[in-house]
Structure formats: structure tokens, C-alpha cells
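Spelled out from the first residue to the last, the chains are:
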Amino acid sequence: METVYELLADLPASATLRAPPASLPAREVRATSYKVGNYLRSRGVHRGSGVGVADDPDPKAVFAFLGSTLLAAPVTFDPPQSFDGRAVVAPTPTLDSYDLGPGGQRVGYGERPENPADDHFEGGVWSENPAFPPVSFDGGVPALRDPDGDGPSQRALLSRAGDAAATLDADDVVTVRASFVHDATVVGVLGALHAGATVLLPDGTSETGDVAIVADDASAPEDRVLPT
């Protein structure tokens, strides 16, 4: 498996993205990722163009990452306020804090932006095609980007995700308890999806899973910690 497109195209039927009270089955994870990829392309995102995504335990942040990878557009989680990229996807109340420069597109999720120059994530994605053509690039394209430059490729992330998936089964609930700025968090989410497990974004709720994705040696209420 070289690209996130391949992961999504062959997603196990048991794979689930859960953000209480919502629970999205594999077919919706795939279709929504495709729709987000199509939507971002319509906003000018293309291969190599940076996309900033809020470091937010919300499905929209996960889908913004997945949709960007379909376009070979590397993602910067928690982008700086002055961001040299094609688009930023973040909660609508935070959009005013980002300066993208000419051609940049600010996209807000949650409430609809009041500024007509900003776009609404849910409104734009809803109308997009839930199908996506096979990608024309290989896994060597960067999946992430940080202030020091391009980060790991899609191939590298998926290789680590495969190792993580080998420690999981379809009954596991994998709770995200670490920031998306850590590559290991992204690896854990991809690994859980690859294994057909459930990714849980608790976002302040008291819900727990079976396995936790944590940063460094942080503690978690889950019995296991996912090796990434």
C-alpha cells in the first residue's frame, strides 16, 4: 500500500470514525474523504500546494487531511497565522487569525462564515461527488509538512500504519489522545482504519476505548497504548 487513496479504496467494512454522538461507517469515511478531495481541488488545491488544518479532535480535521492526501497536497496541522499555503481548514471563529496571502482560501467548519471571502466546509463538501478517480502519483509524495519543510511521505506513514494495524483487530476502539502535530497520531489513525478498527475522537467526552494514541509517556484511561 503506497497511497492514502489505496487505503481508502480498500477500507475494511468494519472501519469506523466516531465522534460522539456521530459514528461514521467505512462507506461514509470513504465517500466523505472523496468529496473533500473534490471540494479542495475546486478551491485550487493541487499537488504540492500546502493545506493548513486545525489541530482539532474533530472529524472535519481528519477529513481535511484525508482529502488533501488524495491531491498529493501536504498538510500542516496547527498552521501558523501567516501561512504560505493554498488553503486553511479550521473552525469558523478562528479564520480571521489566518493570513494566507494572494490566492489563499480560508475554509471554516461549524458555523457558516460571515466574511464572503471565506468558504464553508460543510456547505461546499455536501454538494461534491462522492467518487474520486485513481490517483496518478506514487507514495513518495509528502503527506505532512512542518515549518522545517516536507515531512514523511504517504508511503512512509502507511508503512508505519501497517505496523500499528498488526497490533489491532476490528473490535478495537482506538482513542485519539494526542495532538495531530505529532506524526505518530496520524499514523495511529491510519493504522486503526487499516485494521478495520474504530477511531474515537472523544473531544472532551468521558468515552474511552481499548487502545490510546498518546504523546510521549502521557497516561490514558485505556488499557493499551498503540505503538506507532
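Data block above holds the structure.
Residues numbered from 1 in each chain as written. Predicted model: local features only at pLDDT ≥ 70, side-chain atom pairs only at ≥ 80, totals over all residues. Heavy atoms only, no water.

Engineer: Explain the overall build of the chain here, please?
Structural biologist: Along the chain, the regular secondary structure elements total six helices and 13 strands. For the chain, the C-alpha atoms occupy an extent of roughly 45 × 40 × 35 Å along the three principal directions. Counting over 228 residues, the chain shows a buried share of 51%. Long-range pairs, those at least 24 residues apart, make up 65% of the contacts in the chain between residues at least 6 apart in sequence. Split by element, the accessible area of the chain, about 10000 Å² in all, is 47% carbon and sulfur. (Helix = DSSP H or I, 4+ residues; strand = E, 2+ residues; numbered from the N terminus. Buried < 20%, exposed > 50% of the residue type's maximum accessible area, 1.4 Å probe, protein only. Contact = heavy atoms within 4.5 Å. Areas by Shrake-Rupley, 256 points an atom, 1.4 Å probe, with all protein chains shown as cover.)

Engineer: Even after reading the chapter, I still don't get the pattern of salt bridges, so can you show me in this structure?
Structural biologist: Proximity of charged atoms lets side chains of opposite charge pair with each other. In total, this model carries 10 salt bridges according to the counting rule given. Between Lys60 and Asp58 there is a salt bridge, with its nearest N and O atoms 3.4 Å apart. On the basis of relative accessible area, Lys60 is assigned to the partly exposed category, the value being 23%. Residue Glu222 is joined to Arg177 by a salt bridge in which the shortest nitrogen-to-oxygen separation is 2.8 Å. Of the two residues, Glu222 is situated in the loop between strand 12 (211–213) and strand 13 (224–225) and Arg177 in the loop between strand 10 (173–176) and helix 6 (183–195); the sequence distance between them amounts to 45 residues. Relative accessible area serves as the criterion here: at 6%, Glu222 is assigned to the buried category. The exposure class of Arg177 is partly exposed, given its relative accessible area of 29%. (Salt bridge = Lys/Arg side-chain N within 4 Å of Asp/Glu carboxyl O.)

Engineer: When you look at the sheet that holds strand 3 (residues 51–53) in this model, what are you seeing that I'm missing?
Structural biologist: The pairing of strands in a sheet happens through backbone hydrogen bonds and is either parallel or antiparallel. In spatial order, the strands read 4-3-5-6-7; together these five strands make up an open sheet with parallel pairing. Only two strands of the sheet have a single neighbouring strand rather than two, namely strand 4 (75–77) and strand 7 (119–120). (Pairing = 2+ DSSP bridges.)

Engineer: Honestly, the packing of helix 2 (residues 26–42) against helix 3 (residues 59–69) in this entry has me stumped. Any pointers?
Structural biologist: The axes of two packed helices give the description: the angle between them and the distance between them. Running from N to C, helix 2 and helix 3 point in directions that differ by 65 degrees, and their axes come no closer than 8 Å. Accordingly, the angle class assigned to the pair helix 2 and helix 3 is roughly perpendicular. Like other packed secondary-structure pairs, helix 2 and helix 3 cross with a definite hand, here right-handed. Between helix 2 and helix 3, the residues in contact are Glu28, Val29, Thr32, Ser33, Val36, Gly37 and Leu40 and Phe63, Ala64, Leu66, Gly67 and Ser68, respectively. (Axes fitted to C-alpha atoms, helices over the stretch in contact; angles between N-to-C directions. Parallel < 35°, antiparallel > 145°, perpendicular 65-115°, else oblique. Left-handed = near helix turned anticlockwise from the far one by under 90°.)

Engineer: Please clarify how the sheet that holds strand 2 (residues 22–25) should be interpreted in this entry.
Structural biologist: The six strands are arranged 2-1-11-10-12-13 in an open sheet whose pairing can be described as mixed. Only two strands of the sheet have a single neighbouring strand rather than two, namely strand 2 and strand 13. Examined bridge by bridge, strand 1 (residues 16–19) and strand 11 (residues 198–200) share three bridges and lie parallel to one another. Considered in strand 11, the bridge of Thr16 is made with Thr198. Running at roughly 85 degrees to strand 2, helix 2 makes contact with strand 1 and strand 2 of the sheet.

Engineer: Please clarify how unusual backbone geometry should be interpreted in this entry.
Structural biologist: Trans peptide bonds make up the majority, and among non-glycine residues the majority have a negative phi. That bond from Pro20 to Pro21 is cis: its omega, 5 degrees, falls within 30 degrees of zero. Within the element layout of this structure, Pro21 appears in the loop between strand 1 and strand 2. Backbone geometry places Ala72, a non-glycine residue, at a positive phi of 60 degrees. In this fold, Ala72 is placed in the loop between helix 3 and strand 4.

Engineer: Help me understand the nonpolar core in this model?
Structural biologist: Across soluble globular proteins, nonpolar side chains show a tendency to be buried alongside one another. Membership of the largest hydrophobic core comes to 72 residues, with the highest contact counts inside it found for Phe65 and Leu190. When residues of this core are assigned to their parent elements, the largest contribution, seven residues, is made by helix 6. What Leu190 contacts, discounting residues up to four positions off in sequence, is Leu7, Phe65, Leu66, Leu157, Leu158 and Ala161. (Core = buried A, V, L, I, M, F, W, Y, C linked by side-chain atoms within 4.5 Å.)

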